[in-house]
Amino acid sequence: MTVARVVFLARYRIPHACLTMQFDHNLVGIDRTVVSSPVPKDELWSIFAKYNIDTTAFEYLPDSVILEQYPEIDHWIFADDYRGKWLWQQALKLAVRDYLDDEVILMHDPDTFMTEPYQCYQDGRLNYLILPNTTHDSYRGVLESVVGIERQTPHCFVTELVPVHRDDWQALKTLLETKHNKWFLDAIIDAVPGMPTVPPWGTGNIIKWFSEYELLGNWAMYRHDIDTQEQRRFEYNRLDQLGNYTKQYNCFADAVPDLSLSLHWDNTTQSVRDFDYYLNVIKSRL
């Protein structure tokens, strides 16, 4: 039995991953880390080494391997979607879960890290991070349409650290393909209801709202009992807010709307700009 943490690492998130991985000691019970990325392995491993990130238990999974085996991922791109590849990257994550044989994978978006221990699987039970009493109106009706179940909880699973058991996934995949008579990726996206955009994001064109994490968390809860742990997110909108963190939180989450103002890769110095300064600010608050 293995538990694999899968870091989904687009190029623009490399600076965040370098910071996040300084706190990997808080992820308990991880057997290996899989880096799923379009960025070449040699480039990533060189950067990780610069920031003293131990890649001994790391494996590399290029996006090209997944895209070749799951071409339906590209069906999640819509020309008039102002969010770009926001849906596409969710399809990629689901395909990676299908591709990997580990009993449990922990999906990890590296703009978020825990500051207290978190173990996603223990004594045969999944442990989900939750945002208590949080819902998103945009996702209303999605579970019913895609899977045929209602929300199982008033809490939210969109925590950027989400476990998925292989047995849960296989059961979900079978249901999707039987219910909709399509491959699972097409089954999901075709069943997601459309919603009209409103200014300033659009003038009524139809887009789809979907959360892979809400789907996976609610499905697991529908199938069996799960454990939960509250994620108390410190969401910073500017880097100068990092020093405002207090111990009432247990998680840092980057919410800087303009990526150019967030942690930034400096092509001149080939380094994360002011990395040591921001890392020390965080450590001083823990």
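A brief report on the enclosed structure follows. The structure presented is a predicted model; accordingly, all values stated were derived computationally and were not measured. (Residues numbered from 1 in each chain as written. Predicted model: local features only at pLDDT ≥ 70, side-chain atom pairs only at ≥ 80, totals over all residues. Heavy atoms only, no water.)

### A closer look at helix α6 (residues 166–180)
If you check α6, its first and last C-alpha atoms are 21 Å apart, about what 15 residues at 1.5 Å a residue would give, namely 21 Å. Here α6 has its buried residues at Asp168, Trp169, Leu172, Lys173, Leu176 and His180. Along α6, the residues classed as buried sweep out an arc of 130° about the axis, all on the same side. Positive backbone phi, at 55°, marks Asn181, one or two positions downstream of α6. (Helix = DSSP H or I, 4+ residues; strand = E, 2+ residues; numbered from the N terminus. Expected span 1.5 Å × (residues − 1). Buried < 20%, exposed > 50% of the residue type's maximum accessible area, 1.4 Å probe, protein only. Arc of directions from axis to C-beta.)

### Some remarks on the environment of Asp80
Along the chain, the position of Asp80 falls in the loop between α3 (63–69) and α4 (86–99). Along the backbone, Asp80 and Asp276 are 196 residues apart, and their C-alpha atoms lie at a distance of 40 Å. The contacts of Asp80, once residues within four sequence positions are left out, are Asn205, Ile206 and Ile207. (Contact = heavy atoms within 4.5 Å.)

### Section: a nonpolar patch on the surface
Taken together, Tyr82, Val198 and Trp201 make up a surface patch of nonpolar side chains, about 330 Å² in accessible area. Structurally, the position occupied by Tyr82 is in the loop between α3 and α4. Exposure remark for Tyr82: the relative accessible area of 39% places this residue in the partly exposed category. (Patch = residues over 30% accessible without salt bridge, like charges linked within 9 Å, V, L, I, M, F, W, Y side chains within 5 Å. Areas by Shrake-Rupley, 256 points an atom, 1.4 Å probe, with all protein chains shown as cover. Salt bridge = Lys/Arg side-chain N within 4 Å of Asp/Glu carboxyl O.)

### Quick word on the sheet that holds strand β6 (residues 112–114)
Judged by pairing direction, the sheet is mixed, and its 3 strands sit side by side in the order β6-β15-β14 without closing on themselves. Among the strands making up the open sheet, the edge pair consists of β6 and β14 (233–236). The average undirected angle you get between the axes of adjacent strands in this sheet is 15°. Sheet topology places β6 next to strand β15 (residues 251–254); 3 bridges connect them, and they run antiparallel. From the neighbouring strand, Phe113 faces β15, where its bridge partner is Phe252. (Pairing = 2+ DSSP bridges. Axes fitted to C-alpha atoms, helices over the stretch in contact; angles between N-to-C directions.)

### Description of the nonpolar core
Ile73, Trp76, Leu94, Leu185, Ile188 and Phe210 are the most contacted members of the largest nonpolar core, which has 58 residues in total. Per-element accounting of this core gives the leading share, 7 residues, to α4. If we skip the residues at most four places from it in the chain, Leu94 touches Trp76, Met107, Trp169, Phe184, Leu185, Ile188, Phe210, Glu212 and Leu216. With 33 residues, the next largest nonpolar core counts Leu19, Tyr236, Leu239 and Leu263 among its residues. (Core = buried A, V, L, I, M, F, W, Y, C linked by side-chain atoms within 4.5 Å.)

### Let's talk about the packing of aromatic side chains
All told, the structure shown has 19 aromatic pairs when counted by the stated rule. With a centroid separation of 4.5 Å and an interplanar angle of 55°, the aromatic rings of Tyr51 and Phe275 are classed as tilted. On the criterion of sequence distance, the pair formed by Tyr51 in the loop between α2 (41–50) and β4 (58–62) and Phe275 in helix α9 (residues 275–285) is long-range, its members being 224 residues apart. Given a relative accessible area of 9%, Tyr51 falls into the buried group. Seen in terms of ring centroids, Trp219 and Tyr222 are 5.5 Å apart; in terms of plane orientation they differ by 25°. Their pairing is stacked. Placement of the pair is Trp219 and Tyr222 together in helix α8 (residues 212–223), with a separation of 3 residues, close to one helical turn. Note on Trp219: relative accessible area 5%, which makes it buried. Every member of this aromatic cluster is reached through a ring pair, and the members are Phe23, Phe113, Phe234, Tyr245, Tyr249 and Phe252. When the ring centre of Trp88 is taken as origin, the NZ or CZ atom of Lys85, which lies over that ring, is 4.3 Å away. (Phe/Tyr/Trp six-rings, centres within 6.5 Å; stacked < 30°, edge-to-face > 60°. Lys NZ or Arg CZ within 6 Å of the ring centre and 35° of its normal.)

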